[in-house]
Amino acid sequence: MEALTRTLFFVCLCIQVTQTDGSSWTAKVPTSVKGLVGSCVVIPCSFDYPQPENKQVSNYTGIWNNDANQPIYHPVKEKILEQYQNRTTLLGDIRNKNCSLKINDFRSSDGGPFYFRIEMENYDKYSYLNYKVSISTIDEPQPVTLSMGEAIKEGYNVSSSCSVFYSCPTSPPVFNWSHSGDQHFHSELLSDGQWKATSNLTFRPTHADRKKSLQCSVQMHNGKPLYTASKVIQVKYAPEIKHASSCSSEGDMVKCVCMAESNPSSIIHFVLSNKVHLTAEVEHHGYLTVGTVQANVGSSTYVHCVANNMEGSANVTLSLPVKINMLYIYISAGAAGGLMILVGVVIVVIKCRRRSGDTAECNLSATKAEKELELSVPQYSRTQRFDVNSHQIQSS
């Protein structure tokens, strides 16, 4: 309370009208202030009077009256209008010419106008009728304002501020943040008797803060429901390739899908094991970037997915489906079997030509060659055989 009184006194001194050395009956109050219904409102006030000659004032009585000259504040409680009893307080120290008034539990009927009156024992009394102040009613405070830095990166401090206007400096708003960090509070008096309270929060965002909301909640003096404001924490971070990224076969083609989460969004491209770049189709879904490629990869056994943005890059090796790899094994085995058959036939023909005079020996050699080939050729390549004796095709 002492700190507030000193503040109000300083403010009142600053806004006092310029006085001559021979002070006169003057006061300084705003013509209007704003009061939040249910809260309190403070009317800043300072006054001056001609200094008495050869007299010392020993007792001061400060009074606030309404426009009908009825006290809304008086040191003697019984003299205060009933609807203001236990609701008005003189905050200022009259000896220091501070006449600031506080009205608790402000109501829409407390609009005024009001004026200050001073009574000084053994000297004089005066009503400052030319310095009246009215109070305009606010049913709801202005929205809470929340601001936060734009370039938010993991591991680096970021500052945010939450502000609200209020009319009760003796009971400032209470701020609560949804994120831990260092908090600092300060307030300032505005020109219309309103005050502005601001809470600053400094914190260091982490991986867990991605896509979360930073919320500031304000509890006013009157105990009304919380007033809140929120912003999404736009943390910038390098790409992270999801485990769901993979390749699948579609006939003779391979389809690879690579998914990367990042902020800002990623650029995705694919590279075969032989360093051949593949053209990818890219889609953006918020923080998720999806790259898709469909191509004939030949004999390659894996594909590289590379994702990058301004914050960094990431890459992963995607294995091609086993089915595709085995297809090339089967084709290679079949080709090898066919080559063995061709070699065997050539050998038989050469032997027959060399011994054309001995037909039986030639037939015998041919039969042995066929049996040797039958043993050496895989079953899936030995499907049919021509019988030289019966002149018919037989299955092996």
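Structure: see above.
In short, a report on the structure.

Rules of the game
- Residues numbered from 1 in each chain as written.
- Predicted model: local features only at pLDDT ≥ 70, side-chain atom pairs only at ≥ 80, totals over all residues.
- Heavy atoms only, no water.
- Disulfide = S-S within 2.5 Å.
- Helix = DSSP H or I, 4+ residues; strand = E, 2+ residues; numbered from the N terminus.
- Buried < 20%, exposed > 50% of the residue type's maximum accessible area, 1.4 Å probe, protein only.
- Pairing = 2+ DSSP bridges.
- Axes fitted to C-alpha atoms, helices over the stretch in contact; angles between N-to-C directions.
- Salt bridge = Lys/Arg side-chain N within 4 Å of Asp/Glu carboxyl O.

This part takes up the state of the cysteines. Counted under the stated rule, the structure contains 5 disulfides. Between Cys 162 and Cys 216 runs a disulfide, and the two sulfur atoms are separated by 2.0 Å. The disulfide joining Cys 162 to Cys 216 has a torsion of about -90° about its S-S bond and is therefore left-handed. Taken together, the positions of Cys 162 in strand β14 (residues 158-166) and Cys 216 in strand β18 (residues 213-219) put the pair 54 residues apart, joining distant regions of the chain. Residue Cys 162 is classed as buried on the basis of its relative accessible area, which comes to 0%. Note on Cys 216: relative accessible area 0%, which makes it buried. The side chain of Cys 258 participates in a disulfide bridge whose partner is Cys 305; the two sulfur atoms lie 1.8 Å from each other. Taking the torsion about the S-S bond as the criterion, the Cys 258 to Cys 305 disulfide, at about -80°, is left-handed.

So, on to the sheet that holds β18. A sheet is described by the order of its strands in space; here 3 strands give the open sequence β15-β18-β19, paired in antiparallel fashion. Of all strands in the sheet, those bounded by a partner on one side alone are β15 (174-177) and β19 (227-232). Each strand axis lies, on average, 15° off the axis of its neighbour in the sheet, ignoring direction. Taken together, the 4 bridges between β15 and β18 define a ladder with antiparallel strand orientation.

Strands sit in the order β24-β23-β27-β28 across an open sheet of 4 strands; the sheet is antiparallel. In this open sheet, the two edge strands, each paired with only one partner strand, are β24 (277-278) and β28 (312-319). Where strand β23 (residues 267-272) meets β24, 2 bridges bridge the pair, whose relative direction is antiparallel. When the bridges of β24 are listed, Val 271 appears paired with His 277.

Okay, the pattern of salt bridges next. One pass over the structure, following the stated rule, counts 7 salt bridges. Note that Glu 119 is salt-bridged to Arg 117, the shortest N-O span being 3.1 Å. You can call Arg 117 buried: its relative accessible area is 19%. Note that Glu 311 and Lys 153 form a salt bridge whose closest N and O atoms lie 4.0 Å from each other. Residue Glu 311 is located in the loop between β27 (302-309) and β28, and its partner Lys 153 is located in strand β13 (residues 152-153); the two are separated by 158 residues in the primary sequence. You can call Glu 311 partly exposed: its relative accessible area is 29%. With a relative accessible area of 36%, Lys 153 lands in the partly exposed category.

Moving on, we get to unusual backbone geometry. Residue Gly 112 is joined to Pro 113 through a cis peptide bond whose omega torsion reads 10°. Mapped onto the elements of the fold, Pro 113 is located in the loop between β8 (101-103) and β9 (114-120). With an omega of 0°, the peptide bond between Asn 263 and Pro 264 qualifies as cis. Position of Pro 264 among the secondary structure elements: in the loop between β22 (253-263) and β23. The backbone of Lys 97 shows a phi angle near 65°, a positive value even though the residue is not glycine. Inspection of the secondary structure puts Lys 97 in the loop between β7 (88-90) and β8.

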